[in-house]
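Structural characterization, general
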Amino acid sequence: MRGLKKFVYFFLPPPNWRIPVAIVTGALTGVAFYALYISNAVSYLSDSPETCVNCHVMGPQYATWFHSSHREHATCNDCHVPHDWVDKIARKMEASKEVWGWLFGTIDTREKFLDKRRELAEREWARLQANDSLECRNCHDFEYMDLTAQRSLASSMHAMALGSGEATCIDCHKGIAHQLPDMSGVPDLDISL
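Everything numeric here is computed off the predicted structure, so don't read it as measured data. (Residues numbered from 1 in each chain as written. Predicted model: local features only at pLDDT ≥ 70, side-chain atom pairs only at ≥ 80, totals over all residues. Heavy atoms only, no water.)

1. Focus on helix α7 (residues 110-130)
Given a rise of 1.5 Å per residue, 21 residues ought to cover 30 Å, and the 29 Å separating the end C-alpha atoms of α7 matches this to within 8%. When the local axis directions of α7 are compared, the greatest deviation, roughly 50°, occurs at K116. Every buried residue of α7 is accounted for by F113, R117, L120, A121, E124, W125, R127 and L128. Against the buried residues of α7 lie α4 (59-66), α5 (76-80), α6 (85-103), α8 (134-140) and α10 (169-172). (Helix = DSSP H or I, 4+ residues; strand = E, 2+ residues; numbered from the N terminus. Expected span 1.5 Å × (residues − 1). Bend = angle between axes of the 7 residues up to and from the residue. Buried < 20%, exposed > 50% of the residue type's maximum accessible area, 1.4 Å probe, protein only. Contact = heavy atoms within 4.5 Å.)

Laid out in structure tokens, this is it:
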């Protein structure tokens, strides 16, 4: 034990240098982490849809996105992750619960994932409602919409939402890029807009 203490103390800086060394080490670690993130060298921070599918039992969700109009303009992170860097990292850390679920058997098979899919979807919808569908509005903000170019039903619904200031995109557009989970028991869900 005494030999281990000597070994550890050999690598420690003098007491009056410990705080500055800790600050510099933390800053360098942060810069290295950021550099890895920017280069997408760390796969779980990647913005690639293939990375999302690789870590989740998400093949069919990927397929429905791949055949949607969003494929041309938006990746997984464009819709599911805030664009601001700090919020993006926080969201990806929060999403690690799904990775945990996959690693420890909660959603490690397609059947288990489907059993939890509605719960996962409702959690995502609640997140989008709470942030006023921020990820949607990065591309589809009301101020850029030409209501006259939309079908009459969509135009009237968007005008009502704009007028009320209370509705948000996800209130009407659940399942816009993915097939909905089993929604039995939900009254009057009409997503045909």
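2. Quick notes on the side chain of H158
Considering the arrangement of structural elements, one finds H158 in helix α9 (residues 152-164). Polar contacts involving the side chain of H158 include one to the side chain of Q150, which spans 2.7 Å. Among residues more than four places away in sequence, those in contact with H158 are F142, M145, L147, Q150 and H173. (Polar contact = N/O pair within 3.5 Å; in protein donor to acceptor, adjacent residues only side chain to side chain.)

3. Description of the nonpolar core
In terms of nonpolar packing, the biggest core is built from five residues, these being A121, W125, L128, I170 and M183. By residue number, the principal contributor to this core is α7, which donates three residues. (Core = buried A, V, L, I, M, F, W, Y, C linked by side-chain atoms within 4.5 Å.)

4. Comments concerning a nonpolar patch on the surface
A cluster of nonpolar residues, V99, W100, W102, L103 and F104, forms a patch on the protein surface that exposes about 560 Å² of accessible area. Position of F104 relative to the elements: it lies in the loop between α6 and α7. For F104, a relative accessible area of 56% puts it in the exposed group. (Patch = residues over 30% accessible without salt bridge, like charges linked within 9 Å, V, L, I, M, F, W, Y side chains within 5 Å. Areas by Shrake-Rupley, 256 points an atom, 1.4 Å probe, with all protein chains shown as cover. Salt bridge = Lys/Arg side-chain N within 4 Å of Asp/Glu carboxyl O.)

5. Here we look at the environment of A177
The topology assignment puts A177 in the segment after α10. Sequence separation between A177 and T64 is 113 residues; the distance between their C-alpha atoms is 6.7 Å.

6. Re the environment of S155
Mapped onto the secondary structure, S155 falls in helix α9. Judged by its relative accessible area of 16%, S155 falls in the buried class. Sequence spacing of S155 and M145 is 10 residues, and the spatial spacing of their C-alpha atoms is 9.5 Å. Once residues within four sequence positions are removed from consideration, S155 is found in contact with L147 and Q150.

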